[in-house]
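Structural overview
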Amino acid sequence: SEAARIGTIEHIMATLSALGIDNIVVLLEGAEVPIMDGSSHAFVEAIDQAGTITQAAKRRYIRVARPVRVDLGGSWAEFRPYEGTRFEVEIDFECPLIGRQIYAGDITPDSYRRDIARARTFGFMRHVEHLWASGHALGSSLENSVVIGDDDAVVNPGGLRWADEFVRHKTLDAIGDLALAGAQFIGCYRSYRGGHKLNSLALQTLLSDSSAYEIVESKRRERRGAGVELVAVNAAAFSPWML
């Protein structure tokens, strides 16, 4: 399905963003990104195995300057100023297995590896069967998705990796969606009952208003962190919607 195809792309985008990698060439053989086990863990492992190089260049960021909010039906999302990169994601499903779950935390390479990367995509058996019948999601299986049966129980023999794996994966998706901005952002992103469409709409809304954000970079060639001074710079908008 289109959502599954987008989701696998977001697994790579989320990994690159969370690990602070912003200069990379990705070569893909085939029609779509491999779904692996339904999470981004394999991409994290591959990057860690290959290693990274710190280049002699200043890194630029998108810093949220004022609150920006969008509403979509019964869902909403907002950016708020924050000294760090923070996600506060809330989901609310009628399914009793999922229910209401909240993930809130600063995203760093370590926290992403530990808390987010292994969270798998999920779906309901009744939806999967419908997609199969229409010729979609033919690669979906218990090896690459958490599947919830008609009895509201996890079908996968191994069960869940966390009790709140569902909201952790929604957070992974949000990190990947916001990576489409073209630079890491400094601020807090909050969402309620979000998804790819809402994340994209929130990002478009932020970057369509030049008063809502600024482009900053460190004075020295180093990673952003405690004690690193950031300064505003004149730079073209990163957003692909601004081209």
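Remember, predicted model here, so these are calculated numbers, not experimental data.

Cut-offs used in this document
Each chain has its residues counted from 1, running along the sequence as written. Two thresholds apply to this predicted model, a pLDDT of at least 70 for residue-level local features and 80 or more for giving and counting side-chain atom pairs, whereas whole-chain, interface and lining totals are computed over all residues. The basis for the side-chain values is all heavy atoms of the structure; hydrogens and waters are excluded. Side-chain rings of Phe, Tyr and Trp (the six-membered ring for Trp) are treated as a pair once their centres are within 6.5 Å; stacked means planes under 30 degrees apart, edge-to-face means over 60, and tilted covers the remaining angles. A helix here means a DSSP run of H or I that spans at least four residues, while a strand means a run of E at least two residues long, and both kinds are numbered starting from the N terminus. Classification of residues uses two cut-offs on accessible area relative to the type maximum, computed with a 1.4 Å probe and protein chains only: under 20% is buried, over 50% is exposed, and between them is partly exposed. For each structure, a 1 Å grid was placed over the protein atoms alone; sets of points admitting a 1.4 Å probe that cannot get out are labelled cavities, open sets with protein on both sides within 12 Å along at least five of seven lines are labelled pockets, and lining residues have an atom within 4 Å of a point. Grid points are joined across faces, edges and corners, and a volume is the space filled by probe spheres set on the points. The pairing criterion is simple: DSSP has to find at least two bridges between the two strands. The definition of a nonpolar core used throughout is a set of buried Ala, Val, Leu, Ile, Met, Phe, Trp, Tyr and Cys residues joined through side-chain atoms within 4.5 Å. The contact criterion used throughout is that any non-hydrogen atoms of two residues lie within 4.5 Å.

The next point concerns the packing of aromatic side chains. This structure, assessed with the given rule, holds eight aromatic pairs. Measuring from ring centre to ring centre gives 5.6 Å for F79 and F185, while their planes differ by 85°; the resulting arrangement is edge-to-face. Pair noted here: F79 is in strand β3 (residues 75-80) and F185 is in strand β8 (residues 185-192), with a separation of 106 residues, a long-range link. Look at F185 and you get buried, because its relative accessible area is 9%. Judged by centre distance (5.7 Å) and plane angle (70°), the ring pair of F87 and F185 falls under edge-to-face. On the criterion of sequence distance, the pair formed by F87 in strand β4 (residues 85-92) and F185 in strand β8 is long-range, its members being 98 residues apart.

Let's shift gears to empty space enclosed by the protein. Here the structure, examined in full by the defined rule, presents one cavity of 30 Å³ or more. Of the pockets and cavities examined, the largest cavity occupies roughly 50 Å³. V89, I91, K170, D173, A174, D177, S191, G194, G195, H196 and N199 together form the lining of the largest cavity. Where the lining of the largest cavity is concerned, the elements lending two or more residues are β4, α5 (165-178) and α6 (196-207). With four residues, the top contributor of residues to the lining of the largest cavity is α5.

What follows deals with the pairing of strand β2 (residues 68-72). Sheet faces and side chains relate simply in a regular strand, where the side chains alternate between the two faces. As paired strands, β2 and β3 are joined by five bridges and run antiparallel to one another. Paired with D71 across the two strands is W76, which belongs to β3. Linkage of β2 to β3, two consecutive antiparallel strands, is achieved through a turn of two residues, within which G73 is found at a positive phi near 65°.

Grouped together as the largest cluster of nonpolar side chains are 49 residues, with contacts concentrated most on F79, F87, Y112 and Y189. The contacts of Y112, once residues within four sequence positions are left out, are H11, A14, T15, A18, L19, S40, V44, I107, A117, L172 and I175.

The values are spatial; any link to function lies outside them.
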